[in-house]
Amino acid sequence: MTALTDGTRLAGGVAEETPLRRFLQEFFASRLALGGLVILAAILLIAIFAPWISPQNPYDLAALDLLDGRLPPGSASADRAITYWLGTDDQGRDMLSAIFYGLRTSLAVGALSAGTALAIGTTLGLIAAYIGGRVESLIMRLVDLQLSFPAILVALILLALLGHGVGKIILALVVVQWAYFARTVRGSALVERRKEYVEAARCLALSDVRIMLHHLLPNCLPPLIVVLTVQVAHAIALEATLSFLGIGLPITEPSLGLLIANGFEYMMSGKYWISLFPGVALLITIMAINLVGDRLRDVLNPRLQT
Amino acid sequence: MTVFILRRLMQSALVLVVMSALVFLGVFAIGNPVDILVSPQADQAEIARSTAALGLDKPLWQQYLVFLGNALHGRLGNSFVFNEPSLRLIVERLPATLELAFSAMMLAVVLGLPLGLYAGLKPETGFARAIGVGSILGFSLPTFWVGIMLMMVFAVELGWLPSSGRGATVSVLGVEVSFLTWDGLKHLILPAVNLSLSRIALVIRLAASGTREVVHMDYVKFARAKGLRPRRVILVHVLGNILIPVVTVLGLETGAVIAFSVVTETIFAWPGIGRLIISSITVLDRPVIVAYLMMTVFLVILINLLVDILYSALDPRVRLGEGEARA
Amino acid sequence: MSAAAPLLSVEELRTHFLTRAGVVKAVDGVSLAVNRGEVLGLVGESGCGKSVTGFSIMGLVDPPGKIVGGRILFEGEDLTTLAEERLRALRGERIAMIFQDPLMTLNPVLRIETQMTEAIRAHHPDVTQTQARARARDALAQTGIPDAEQRLAAYPHQFSGGMRQRVAIAIALLNRPALLIADEPTTALDVTIQAQILHEVQKLCRESGTALIWITHDLAVVGGLADAVAVMYAGRIVEQGPVDDVLDRPLHPYTLGLLGSVPSRTRRGARLPQIPGMAPSPLRLPDGCSFRTRCPRADSSCANMPALEALLPDHLARCVHPLMEARP
């Protein structure tokens with residue numbers, strides 16, 4: 001075929017580059033992605049070390065002073081012990097500390113639910129691709145059913161019926177997300193399953209589990225990683241939305257969504273900081289994850305390779 | 001084509017039945033069904049009467065049939081709070097939600113398609129890159145927070161637009177719509193923009209990636225080799241091929257938009273079904289919850305069905321069948 | 001050869017691609033000429049730059065590719081210096097091109113009628129839709145497609161490969177261009193259909209006096225079809241001349257190798273001769289003659305790039321050791 005070659009394919013060319021190095025090179029070629037990764041690392045550190053770096057523990061009622069409520073950013077506390085860099089909410093909570101704790105919760109809930117959904121979805125996807133037949137049909141029908149309904153609707157249904165609680169939120173988020181993973185994994189695993197070395201492995205009577213884990217799974221990793229980043233961002237956003245609506249995390253848990261909900265009623269009186277700053281923190285987190293995920297998708301997508 | 005439609009209709013009916021069973025199980029399996037469907041303020045006689053009417057003393061599968069029968073007749077219980085049939089409450093508020101949802105989708109297409117097309121055609125320019133980052137920003141922004149910010153800037157600080165409620169409505173074919181009045185339009189703008197932002201981002205990304213792929217296809221090159229004007233090449237050959245996937249995804253997203261309107265309606269006090277469900281969940285007005293779930297499930301299934309049909313109508317390869325080649 | 005000025009004269013064309021891995025010299029000094037009504041076969045293996053030559057003439061080389069040198073003279077104009085709007089006016093009207101894979105050449109979501117009439121009306125806006133439609137129908141019938149009237153309303157996927165290619169040819173010849181560039185149009189088709197399409201194109205071009213550049217890697221095709229042949233290797237023309245001269249008395253060792261590898265020319269049962277080695281990567285061309293790494297006649301003097309010279313009347317070759325020995 002005399003298809004117009006782009007010339008980057010070398011005949012017997014430079015083969016010292018490992019795929020990993022090339023991947024890293026391409027990934028970091030985008031400064032945005034690099035920025036996103038740096039921000040993400042910073043947020044992760046904040047989340048992990050929140051109790052130690054926060055000026056105040058905003059969920060220890062004893063530490064709060066109601067008289068310090070609704071103070072604008074930059075004010076000092078009544079006893080001059082700390083400065084409320086980002087102001088306080090109506091309970092006298094230091095917004096900065098509340099945001100740190102809130103980020104912690106958001107990341108934890110997002111990662112936990114996405115991780116669990118990943119495990120469940122991957123398992124089911126692998127089983128569907130490997131075993132095929134009726135089992136595959138059944139699993140994929142479930143997946144299609146799940147995916148044809150909007151995530152927020154499913155979450156609403158579950159939470160309306162189950163009630164409040166951290167565990168229930170995570171459960172709802174897992175239910176909403178597993179299907180994306182299952183579908184992605186099944187797609188990639190199917191491609192791999194048809195290859196001959198898998199046939200060979202089956203002939204050698206290697207255990208099914210081994211084949212699935214060692215042969216099928218590695219091929220699914222690239223798209224899986226992309227889906228994972230997108231889903232973590234989704235989960236974080238969804239949890240915040242549900243908490244904002246009042247059907248998410250209980251008020252006793254730090255949540256950016258709850259903080260924003262709290263601040264909503266003070267908007268009209270010009271106390272914007274109670275809603276603004278947690279929102280910005282949420283936005284930055286989600287955006288950083290999406291920037292990284294987007295770049296990953298571009299780098300790992302074979303069809304857009306030039 | 002008709003076979004296809006019939007088949008999809010049957011599939012949809014099946015899904016509807018399955019979902020209704022799930023809702024039923026969910027509602028009835030988590031507690032005493034009497035508590036769920038009968039108002040807490042009812043007295044013994046009322047409870048006894050409702051129990052008999054709803055068939056709560058019969059075996060589960062019979063109850064399901066009763067439930068289904070009632071549902072088909074539009075009897076999904078009376079709201080505890082409003083003391084009206086819950087289905088009627090939902091139907092009254094549906095037009096408001098649909099108006100909001102369609103406005104948002106309209107904005108998404110009108111703004112998203114041209115921007116995405118441009119970004120796909122000239123991916124190396126600064127503007128295209130800005131659009132790319134902007135679209136990531138668009139779907140990273142939490143809708144509820146954006147709504148609050150929009151309200152703060154345009155309603156509180158600048159005072160240009162009202163901050164809540166639906167404006168004056170006009171009756172069209174028996175349905176109340178508000179976009180035909182200036183006052184209604186003013187009230188519609190902020191919530192519609194809020195709801196549409198993440199959809200605009202989605203359309204931009206779809207259109208951009210679709211364009212990037214299509215532009216390298218042989219048929220585009222052949223169109224240029226024919227000497228067609230660039231505008232025609234883009235608007236007819238490129239756009240024609242990305243429209244199909246974009247429209248289908250958008251169509252499917254409409255269900256999500258309707259569901260997501262709960263957020264926007266809560267913030268802007270828009271009198272749609274979204275607002276109703278949130279308040280119902282908070283006060284545990286279960287008949288309304290059930291009615292909302294059934295209605296939304298029905299709508300989503302209906303929309304998916306329509307989108308499938310639309311897709312097969314748009315793509316000639318599906319409509320006329322592959323493999324009809326003649327030598 | 002006629003004494004009139006050639007219809008198309010390509011002089012020292014250079015088209016390079018600036019990629020991240022380096023500069024790919026896809027076309028590196030190609031000169032050829034085509035007279036009115038003449039058929040030129042442009043032959044070479046995959047990657048030698050023949051398609052890029054075709055695209056360069058049409059002005060359809062996309063970034064990162066660019067024409068960096070040379071001239072393309074067509075009907076008195078230098079195509080490399082023309083504005084895009086002028087080039088657009090020429091495409092499809094005076095010069096047309098058809099591609100290799102007919103499935104991808106036609107837009108899957110538009111009717112055949114639309115794809116044909118737009119080619120007419122892009123250049124003749126005064127022609128009405130009805131008139132254009134009539135012309136399209138006639139053109140389809142001329143390429144041997146039955147039921148032309150029904151076919152107009154159909155979509156590309158409803159046709160077989162051979163039919164689609166006929167449609168593409170019909171579209172290309174709608175405005176009676178002076179030159180048609182066919183980029184491997186039969187490679188993707190069955191052998192039996194190939195012969196039909198070949199015949200069609202030949203007939204149509206003779207009828208309308210259209211000159212034809214037939215790009216292919218298949219020498220057998222060229223033999224029956226072309227008036228003149230140009231052989232390309234690694235971005236350059238290595239031999240050029242009237243078809244009988246080149247095929248019966250090749251001057252360049254590469255041409256000889258190509259001829260030797262055509263199955264029909266070997267005795268039955270004898271081993272198919274091969275040209276040893278592989279074509280060099282366009283990023284790393286050897287100095288001097290590009291073929292010398294695979295040529296049985298190469299020596300140290302081949303390190304200097306030979307020029308394309310007329311070693312015999314009208315028969316040019318680019319070789320330090322051409323095959324000039326007497327032959328039967």
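Described below are features of the structure shown in this document. Nothing here was measured: the structure is a model prediction, and the numbers come from that model.

Cut-off values and rules
- Residues numbered from 1 in each chain as written.
- Chains lettered and ligands numbered in written order.
- Predicted model: local features only at pLDDT ≥ 70, side-chain atom pairs only at ≥ 80, totals over all residues.
- Helix = DSSP H or I, 4+ residues; strand = E, 2+ residues; numbered from the N terminus.
- Rg over C-alpha atoms; globule rule 2.2 N^0.38 Å.
- Contact = placed C-beta atoms within 7 Å.
- Buried ≥ 20, exposed ≤ 12 C-beta atoms within 10 Å, placed from the backbone.
- Pairing = 2+ DSSP bridges.
- Axes fitted to C-alpha atoms, helices over the stretch in contact; angles between N-to-C directions.
- Left-handed = near helix turned anticlockwise from the far one by under 90°.
- Nonpolar A, V, L, I, M, F, W, Y, C, P; charged D, E, K, R; others polar.
- Core = buried A, V, L, I, M, F, W, Y, C linked by C-beta atoms within 7 Å.
- Expected span 1.5 Å × (residues − 1).
- Bend = angle between axes of the 7 residues up to and from the residue.

### Observations concerning the overall build of chain C
Part 1 of the reasoning: Along the backbone of chain C there are eleven helices and twelve strands.
Part 2 of the reasoning: Taken over the C-alpha trace, chain C has a radius of gyration of 21 Å; the compact-globule value for 328 residues is 20 Å, and the two agree within 12%.
Part 3 of the reasoning: Its C-alpha atoms give chain C principal-axis dimensions of about 65 × 50 × 45 Å.
Part 4 of the reasoning: The long-range fraction of contacts in chain C, counting pairs at least 24 apart against all pairs at least 6 apart in sequence, stands at 65%.

### Brief notes about the pairing of strand β9 (residues 228-233) of chain C
Residues in a regular strand project their side chains so that they alternate between the two faces of the sheet.
All names here are of chain C.
Part 1 of the reasoning: Extensive coverage of β9 is indicated by the burial of six of its six residues.
Part 2 of the reasoning: Neither face of β9 is left uncovered, since the one carrying A228, A230 and M232 and the one carrying V229, V231 and Y233 both have all their residues buried.
Part 3 of the reasoning: In terms of strand pairing, strand β3 (residues 39-43) meets β9 through four bridges, oriented parallel. In the strand pairing of β9, L40 is matched with A228.
Part 4 of the reasoning: Examined bridge by bridge, β9 and strand β10 (residues 236-242) share six bridges and lie antiparallel to one another.

### Looking at the packing of helix α5 (residues 86-121) of chain B against helix α10 (residues 230-268) of chain B
Residues and elements named next belong to chain B.
Part 1 of the reasoning: Two elements in contact, α5 and α10, have axes separated by 9 Å at closest approach and are oriented at 145°. In the packing of α5 onto α10, the handedness of the crossing is right-handed. Every residue of α10 that contacts α5 at T97, L100, A101, A104, M105, A108, V109, L117 and L121 is listed here: I234, L239, L250, T254, V257, I258, S261 and T264.
Part 2 of the reasoning: Split into classes, the residues belonging to the contact of α5 with α10 amount to 13 nonpolar, four polar and no charged.

### Some details on the sheet that holds strand β6 (residues 95-98) of chain C
Hydrogen bonds along the backbone pair up the strands of a sheet, which may run parallel or antiparallel.
Residues and elements named next belong to chain C.
Part 1 of the reasoning: Here we have eight strands laid out as an open sheet, ordered β6-β7-β8-β3-β9-β10-β12-β11, and mixed in their pairing. The open sheet terminates on both sides in strands that have one partner only, identified here as β6 and β11 (309-312). Within the sheet, the average angular offset between the axes of one strand and its neighbour, ignoring direction, is 20°.
Part 2 of the reasoning: Bridge analysis of β10 against strand β12 (residues 315-317) gives two bridges, and the strand direction is antiparallel. Counted as the bridge partner of E239 is A317 from β12.
Part 3 of the reasoning: Its contacts with the sheet place helix α7 (residues 161-173) against β6 and β7 (179-183), and it is angled at close to 170° to β6.

### Looking at the sheet that holds strand β2 (residues 22-34) of chain C
Residues and elements named next belong to chain C.
Part 1 of the reasoning: Strand order in the open sheet formed by four strands is β2-β1-β4-β5, and the pairing between neighbours is antiparallel. Two strands lie at the open edges of the sheet, namely β2 and β5 (77-78), each paired on one side alone.
Part 2 of the reasoning: Direction of pairing for strand β1 (residues 8-19) relative to β2: antiparallel, over a ladder of ten bridges. Directly across from T15, in β2, lies its bridge partner V27.

### Things to note about the interface of chain B and chain C
Part 1 of the reasoning: Each partner contributes to the interface: chain B provides 24 residues, whereas chain C provides 28 residues.
Part 2 of the reasoning: At six residues, helix α9 (residues 218-225) of chain B tops the list of elements feeding residues into the side of chain B that touches chain C.
Part 3 of the reasoning: Its residues placed into classes, the side of chain B that touches chain C shows nine nonpolar, four polar and eleven charged.

### Points about the interface of chain A and chain B
When the parts of a complex come together, some accessible area is lost, and that lost area is often taken as the interface size.
Part 1 of the reasoning: At the junction of the two partners, chain A supplies 33 residues and chain B supplies 33 residues.
Part 2 of the reasoning: Mapped by element, the contributors of at least two residues to the side of chain A that touches chain B are α5 (151-162), α8 (208-245), α9 (256-264) and α10 (273-300) of chain A.
Part 3 of the reasoning: Counting residues per element, the side of chain A that touches chain B draws most heavily on α10 of chain A, which supplies nine residues.
Part 4 of the reasoning: Grouping the constituent residues of the side of chain A that touches chain B by class yields 26 nonpolar, six polar and one charged.

### Quick notes on the nonpolar core
Part 1 of the reasoning: The biggest cluster of nonpolar side chains holds 257 residues, and the ones touching the most others in it are A155 of chain A together with V203 of chain B.
Part 2 of the reasoning: With sequence-adjacent residues up to four places away left out, V203 of chain B is seen in contact with A108, V109, G112, L113, G116, V246 and L250 of chain B.

### Topic: helix α2 (residues 31-53) of chain A
Residue and element names in this part refer to chain A.
Part 1 of the reasoning: Here α2 contains 23 residues, and its C-alpha end-to-end distance of 29 Å is more than 12% below the 33 Å for a straight helix at 1.5 Å per residue.
Part 2 of the reasoning: Where α2 bends most, at A47, the angle is about 45°, and the proline P51 comes one to four residues later.
Part 3 of the reasoning: Buried residues belonging to α2 abut α1 (19-28), α3 (95-131) and α10.

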